[in-house]
Amino acid sequence: MSTRRALFVLIGLTAALRLVWAGSLGLGNDEAYHYLFTIHRDWSYFDHPPMLSLAAGFGRLLGAGSSEPIFLRIGFIALFAGSTWLMARLAGRFFGERAGFWAAFALNVSAYHTAAVGAFALPDGPLLFFWLLTLDRLASAFDEPDRLARWASVGFAWGCAALSKYHAVFLPMGALVYVVLEPRARRVLAKPGPYLAGVIGSLLFAPVIYWNATHDWASFAFQGGRAVGRGGLDLGSLAGALVGQGLYLFPWVWFGLIAALIGVTRRALRGGATAGELFLASQSVTPLLLFSVVAAMRPILPHWTLVGFLSAFPLLGRICAELEARNPGRMALRARLTASAAVLAAVVFAIQHHTGFLQIGAKRSLGLIAAEVDPTAEMYGWDRIRDRLDAGGWLDRPDVFLYTGNWYTSGQLAHAVRDRSAPVLCYHAWDARSFGYWSRPEEWVGKTGVLVVVRDRDTIADAYDRYFRSIDLRDEFEVVRSGGRVRKVRIYECSDQQLAFPFGNGKRDEVIARIAAETGEVGPNDVSVDR
């Protein structure tokens, strides 16, 4: 089979598998919340730029407005198919077609990319596609720096990456590192092309700046604050970040990427690295170093650093191509084993989602995982909560709204009741995310709120007692899977809201100060459910 044909088989087969897999799972917490981005169209959002909304909206358009998980995800599956092709193209540019195929293969058998980025409604899907497109166009522009059309395409790709996720800021940083490391690349600084790319990219990103400027710079402050260390060395946090990288990519892929980067670093120190190696390694330096520094001072999410490994996949692809040339049989065996591991992990995940066969307390279960830490549990059983709300007569009353104390719980609830008229809010004083902008607090005064609590806290309703005339427990039940409890649910009817709930939109200290000024005191449950 030719390399080109093998690549298209890889793209088609993995896309088909993702369609089946994505269609068999409920939405994760982030995805359910992101579904609301397609309902509340805006120039940007509290926690992400708008490309996520466009990708999810594309799938809903294909589904004639359907909000079923498969349609919310299908745009991201299509983007990942494109990302696979772009990865092969990028690696092939520098190291040949076989290296391109193996780079694309490695991307498809790395856990986070093949499962989450490639199948779920997350901002990382569009970011991956436009990140690779930017690198592809940038490499072409460096080859022929006088061709302004190529730099214009760089600007377009980078602007779309910035509209996907703020991580795109690392792309021009990586380009500058390459210019510093490669003397022949410095000539571009005297050309108009790079500046044209910067202008085009910035113009595309302008809607996000506009949204932030008209919303007190909330998104920039929120995401920027998460990337700032808290001071003091925390080696445990750094170790956790490194372990997280290995688990998110699968250890065998992660070790290969690390080895590839170390190899280029050694050759660069000896002055023997090629321009292509320097170009790719330059894109890894800034994100890996910055997030490592942050991780040494505070815990971070493991996937934050993974953009730093994207340009290492072509380097790994070259290593795989060299191994294949020396021993084709052994490389084929390795490919089968890594592909089987990825498929097996996906199958186990899907079976666990539906049966809970690993969950502690479930019938005929192996009893290995508690529901509280089971990633499949968050996708399960929200329709049962909807059915209980429907039985209580709350979903179609014009004077009723639903709410929870957590943004992702509100997202899951909103998706579950999406075909009904009851609006869903998040009453968290300083971390309501975009819920804090999708309505005005005073709109709900005089209405009845139905509080849905999915945690084992008997006093949870006390957090809201000052805002309603009365709060009464109306229903209490458990969502179970194969006999094992996934979550306990309490439903409270909160009659006649008396005061507007203060949406703080990230400003915790300001909210506490305001409530203290209004009431004279702030108790432990006065402003937040999920602290």
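Since this is a predicted model, take the numbers as computed values, not measurements.

**Description of the overall build of the protein**
- Across its full length, the protein holds 20 helices and five strands.
- Over its C-alpha trace the protein gives a radius of gyration of 25 Å, about what one expects of a compact globule, namely 24 Å for 531 residues.
- Projecting the C-alpha coordinates of the protein onto the three principal axes gives extents of approximately 75 × 55 × 50 Å.
- Residue burial in the protein is summarised as follows: out of 531 residues, 54% are buried.

**Points about the layout of surface pockets**
- In this structure, the second largest pocket spans a volume of roughly 420 Å³.
- Put simply, the parts of the chain that give the lining of the second largest pocket at least two residues each are helix 12 (235–249), helix 13 (251–269) and helix 14 (275–295).
- Classifying every residue of the lining of the second largest pocket gives 14 nonpolar, four polar and no charged.

**Brief notes about the nonpolar core**
- The biggest cluster of nonpolar side chains holds 160 residues, and the ones touching the most others in it are I385, L389, L402, Y403, Y427 and Y464.
- When residues no more than four places from it in sequence are discounted, the contact partners of L402 are L389, L395, L413, V417, A422, P423, V424, L425 and V450.

**Topic: the packing of aromatic side chains**
- Using the criterion set out here, one finds 42 aromatic pairs in the structure.
- Each ring, one from Y427 and one from F501, has its centre 4.5 Å from the other, and the planes form 5°; the classification is stacked. Residue Y427 is located in the loop between strand 2 (424–426) and strand 3 (448–453), and its partner F501 is located in the loop between strand 5 (484–497) and helix 20 (508–519); the two are separated by 74 residues in the primary sequence. This pair shows no difference in class: Y427 is buried, exactly as F501 is.
- Over the aromatic face of F95 sits the side chain of R318, whose NZ or CZ is 4.6 Å from the ring centroid.
- Stacked on the ring of Y380, the Lys or Arg R481 has its end atom at 5.4 Å from the ring centre.

So, how was this worked out
- Residues numbered from 1 in each chain as written.
- Predicted model: local features only at pLDDT ≥ 70, side-chain atom pairs only at ≥ 80, totals over all residues.
- Heavy atoms only, no water.
- Helix = DSSP H or I, 4+ residues; strand = E, 2+ residues; numbered from the N terminus.
- Rg over C-alpha atoms; globule rule 2.2 N^0.38 Å.
- Buried < 20%, exposed > 50% of the residue type's maximum accessible area, 1.4 Å probe, protein only.
- 1 Å grid on protein atoms, 1.4 Å probe; cavity = no way out; pocket = protein on both sides within 12 Å on 5 of 7 lines; lining within 4 Å.
- Points joined across faces, edges and corners; volume = space filled by probe spheres on them.
- Nonpolar A, V, L, I, M, F, W, Y, C, P; charged D, E, K, R; others polar.
- Core = buried A, V, L, I, M, F, W, Y, C linked by side-chain atoms within 4.5 Å.
- Contact = heavy atoms within 4.5 Å.
- Phe/Tyr/Trp six-rings, centres within 6.5 Å; stacked < 30°, edge-to-face > 60°.
- Lys NZ or Arg CZ within 6 Å of the ring centre and 35° of its normal.

The values are spatial; any link to function lies outside them.
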